[in-house]
Amino acid sequence: MLTHLLSACSHKSTTQVDFNQDINFALFSTYQFSTHPNNSIDINPIMISRIQSAVENTLAKKGLRKHNYVSRSSAELTIFVTFSQEQLENNSSFTIGLGTSRVGSNSMGSIGISTSIPMNSESEVLTKIVIDINNEEHAIWHGSDSYEASSNLTIEETDKVVADTVDRILKDFPPQVL
């Protein structure tokens, strides 16, 4: 299974982080997830839950405590998670060409046939995960990263690649501001 996951996913470093350098992140110890729904037609609530679980696991290792959302002031930080997915074109193919040629005394003729055979019927999907963190109503931290994977990953493989991506995004959170 690990070999399948490694061959199914590719990653170029696309982690991006931005934050307000005037904020002392060491003062924060609690967070909550925003309850504002994403109104996108094709949003997948299972994927949002998967991302939130990965964020919970990563932040717990860093000593932050999760609170249930009651209001914006229920916790010091409010986290918004979103994602987008884009189907990538599959350009893998193998081409076969057949041809004949006939050379006469002063004439030449040829016939050619070519066909293209798809090599891989699995499509690739580019998934981008975005995590935004607010303190009260002010944006103080933003991070994103993406991964490419086969569209037919198992649930366990998807959980793993999402957790790895979230870990990369939150690797240096909270930032050490000098």
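In what follows, the accompanying structure is described. (Residues numbered from 1 in each chain as written. Predicted model: local features only at pLDDT ≥ 70, side-chain atom pairs only at ≥ 80, totals over all residues. Heavy atoms only, no water.)

1. Points about the packing of aromatic side chains
Here comes step 1: Scanning the model with the defined rule gives five aromatic pairs in all.
Here comes step 2: Ring centres 6.0 Å apart and planes at 85 degrees place the aromatic pair Phe 19 and Phe 25 in the edge-to-face group.
Here comes step 3: With relative accessibility at 26%, the residue Phe 19 sits in the partly exposed group.
Here comes step 4: On the accessibility criterion, Phe 25 (3% relative accessible area) is buried.
Here comes step 5: A centroid spacing of 5.2 Å and a plane angle of 75 degrees characterise the contact between Trp 141 and Phe 173, whose relative ring orientation is edge-to-face. With a gap of 32 residues between them, Trp 141 in strand S9 (residues 138–150) and Phe 173 in the segment after helix H3 (155–169) connect regions that are remote in the sequence. Note on accessibility: Trp 141 and Phe 173 belong to one class, buried.
Here comes step 6: Each member of the aromatic cluster is reached from another via a ring pair, and the members are Phe 19, Phe 25, Phe 28, Trp 141 and Phe 173. (Phe/Tyr/Trp six-rings, centres within 6.5 Å; stacked < 30°, edge-to-face > 60°. Buried < 20%, exposed > 50% of the residue type's maximum accessible area, 1.4 Å probe, protein only. Helix = DSSP H or I, 4+ residues; strand = E, 2+ residues; numbered from the N terminus.)

2. Considerations on the packing of helix H2 (residues 45–61) against H3
Here comes step 1: One way to put it is that H2 packs onto H3 with a least axis distance of 9 Å and a crossing angle of 50 degrees. What the angle tells us is that H2 and H3 run oblique. Every pair of crossing elements has a handedness; the one defined by H2 and H3 is right-handed. On the side of H2, the interface is formed by Met 47, Arg 50, Ile 51, Ala 54, Val 55 and Thr 58, while H3 contributes Ile 155, Thr 158, Asp 159, Val 162, Ala 163, Val 166 and Asp 167.
Here comes step 2: Each residue belonging to the contact of H2 with H3 can be placed in one class, and the counts come to eight nonpolar, two polar and three charged. (Axes fitted to C-alpha atoms, helices over the stretch in contact; angles between N-to-C directions. Parallel < 35°, antiparallel > 145°, perpendicular 65-115°, else oblique. Left-handed = near helix turned anticlockwise from the far one by under 90°. Contact = heavy atoms within 4.5 Å. Nonpolar A, V, L, I, M, F, W, Y, C, P; charged D, E, K, R; others polar.)

3. Topic: the nonpolar core
Here comes step 1: Residues Val 55 and Ile 131 are the most contacted members of the largest nonpolar core, which totals 30 residues.
Here comes step 2: Among the elements of the structure, strand S3 (30–33), H2, strand S5 (77–88), strand S8 (124–135), S9 and H3 are those that each provide at least two residues to this core.
Here comes step 3: When neighbours within four sequence positions are excluded, Val 55 is seen to be in contact with Phe 33, Ile 79, Val 81, Ile 131, Val 166 and Leu 170. (Core = buried A, V, L, I, M, F, W, Y, C linked by side-chain atoms within 4.5 Å.)

4. Notes on unusual backbone geometry
Here comes step 1: Phe 173 connects to Pro 174 through a cis peptide bond whose omega is -5 degrees.
Here comes step 2: Structurally, the position occupied by Pro 174 is in the segment after H3.
Here comes step 3: Look at Glu 136: it is not a glycine, yet its phi comes out positive at around 55 degrees.
Here comes step 4: Counting through the fold element by element, Glu 136 comes out in the loop between S8 and S9.
Here comes step 5: Classification of Glu 136 as exposed rests on a relative accessible area of 55%.

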